[in-house]
Amino acid sequence: MIKETECAASAADRVFNQILEYLKPGLKEKEVAVRIRELIKKEGGERTPFRIIVASGVRSALPHGRASNKVIHRGELIIIDFGAIYKGFCSDITRTVVIGKPTRWQEKIYKTVREAQKKALAKVKGGVAAREVDRAARSFIEREGFGKFFKHGTGHGIGKRVHEKPRISKRSKEILKSGQVITIEPGIYVRGQGGVRIEDMVLVRERGYKLLTKTKRSLTL
């Protein structure tokens, strides 16, 4: 199971690195999604386990903004979220980028989400309550003044299905176990302005975690 999941994560990484080079102003979100599907097969994946998310500009404030005919412009936030299936096992990864120079506000929310992710990751290990991982990310985002804009849980289990137990949320009653694969994906979504999500997959260990998705985390291309 772990080997297959790692291969699915590696395939998604390889695809993402190529997509970051492919992105440019003037492309439609759907064109990016089509390219992702092509690359998943090229990189050994069977298919994507869910509808690909490519959401740019104000559409990046939609947590599940499926790729549309909207044209991508320079200076916009772009959320890209997809995965690959390898031998029946799923991966799931999200990055947010800006083509060109980001605004101070874009940098602010990006740094807030990235730091929230780091704080959540620091809590991950076997025996820890899933809600404590969520609390680490959520409390930081709240302290930065964006609490009401974090509209989903911090993560979820992943395996043969893209969403499995445990849920990494404030209402979760589950305890993390060594050997589980989970996502850590805090986000901020401000209607009419834009949003940021950063998502990675990790393997839970007795003393910490192993990072499975390794695509660079940088706001600017």
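Shown above is the structure to which this text applies.
Note that this is a predicted model, so its numbers are computed, not measured. (Residues numbered from 1 in each chain as written. Predicted model: local features only at pLDDT ≥ 70, side-chain atom pairs only at ≥ 80, totals over all residues. Heavy atoms only, no water.)

Trainee: Now, about the overall build of the chain: what can you tell me, with residues and values included?
Mentor: Secondary structure assignment for the chain yields four helices and 12 strands. Rg of the C-alpha trace for the chain: 16 Å, near the compact-globule value of 17 Å for 221 residues, within the 12% margin. If one aligns the C-alpha atoms of the chain with their principal axes, the spans along those axes are about 45 × 40 × 20 Å. Of all 221 residues assigned to the chain, the portion counted as buried reaches 55%. Considering only contacts within the chain whose residues lie at least 6 apart along the sequence, 67% involve residues at least 24 apart. About 10300 Å² of surface is accessible on the chain, with carbon and sulfur atoms providing 48% of the total. Considering the chain, the positive charge centre built from 48 side chains and the negative charge centre built from 24 side chains are found 3 Å apart. (Helix = DSSP H or I, 4+ residues; strand = E, 2+ residues; numbered from the N terminus. Rg over C-alpha atoms; globule rule 2.2 N^0.38 Å. Buried < 20%, exposed > 50% of the residue type's maximum accessible area, 1.4 Å probe, protein only. Contact = heavy atoms within 4.5 Å. Areas by Shrake-Rupley, 256 points an atom, 1.4 Å probe, with all protein chains shown as cover. Lys, Arg positive; Asp, Glu negative; His and termini not counted. Charge placed at Lys NZ, Arg CZ, Asp CG, Glu CD.)

Trainee: With reference to specific residues and values, describe helix α2 (residues 29–42).
Mentor: Three or four residues apart is the spacing at which side chains of an α-helix point the same way, because the helix has 3.6 residues per turn. If you check α2, its first and last C-alpha atoms are 20 Å apart, about what 14 residues at 1.5 Å a residue would give, namely 20 Å. Looking only at α2, the buried set comprises Glu29, Val32, Ala33, Ile36, Leu39 and Ile40. All buried residues of α2 project into a common sector of 125 degrees when viewed along the axis, lining one side. Summarising the geometry of α2, the exposed residues directed more than 90 degrees from the buried face are Lys41 and Lys42. Where α2 is buried, its residues touch α1 (2–22), β1 (53–56) and β2 (77–82). (Expected span 1.5 Å × (residues − 1). Arc of directions from axis to C-beta.)

Trainee: Tell me what's going on with the environment of arginine 74, and back it up with residues and numbers.
Mentor: Counting through the fold element by element, arginine 74 comes out in the loop between β1 and β2. Of the residues examined, arginine 74 reaches a relative accessible area of 58% and is grouped as exposed. With 50 residues separating them along the chain, arginine 74 and lysine 24 place their C-alpha atoms 7.8 Å apart. The contacts of arginine 74, once residues within four sequence positions are left out, are Pro25, Ile99 and Gly100.

Trainee: Run through the sheet that holds β2, naming residues and quoting values.
Mentor: Spatially, three strands are ordered β1-β2-β5 in an open sheet, and the strand pairing comes out antiparallel. Of all the strands in the sheet, the pair left with one neighbour each is β1 and β5 (93–98). The sheet shows a mean angle of 10 degrees between the axes of neighbouring strands, direction not considered. The strands that α1 touches are β2 and β5; relative to β5, the one it contacts most, it runs at about 15 degrees. Contacts from α2 reach β1 and β2 within the one sheet, and its direction differs from that of β1 by about 150 degrees. (Pairing = 2+ DSSP bridges. Axes fitted to C-alpha atoms, helices over the stretch in contact; angles between N-to-C directions.)

Trainee: Outline the packing of helix α3 (residues 104–123) against helix α4 (residues 130–143), supporting the account with residue identities and numerical values.
Mentor: Taken N-terminus to C-terminus, the directions of α3 and α4 make an angle of 155 degrees; their axes are 8 Å apart at the nearest point. It follows from the interaxial angle that α3 and α4 lie roughly antiparallel. In this structure, α3 meets α4 at a crossing whose hand is right-handed. Mapping the contact onto sequence places Thr112, Glu115, Ala116, Lys119, Ala120 and Lys123 in α3 and Glu132, Val133, Ala136, Ala137, Phe140, Ile141 and Arg143 in α4. (Parallel < 35°, antiparallel > 145°, perpendicular 65-115°, else oblique. Left-handed = near helix turned anticlockwise from the far one by under 90°.)

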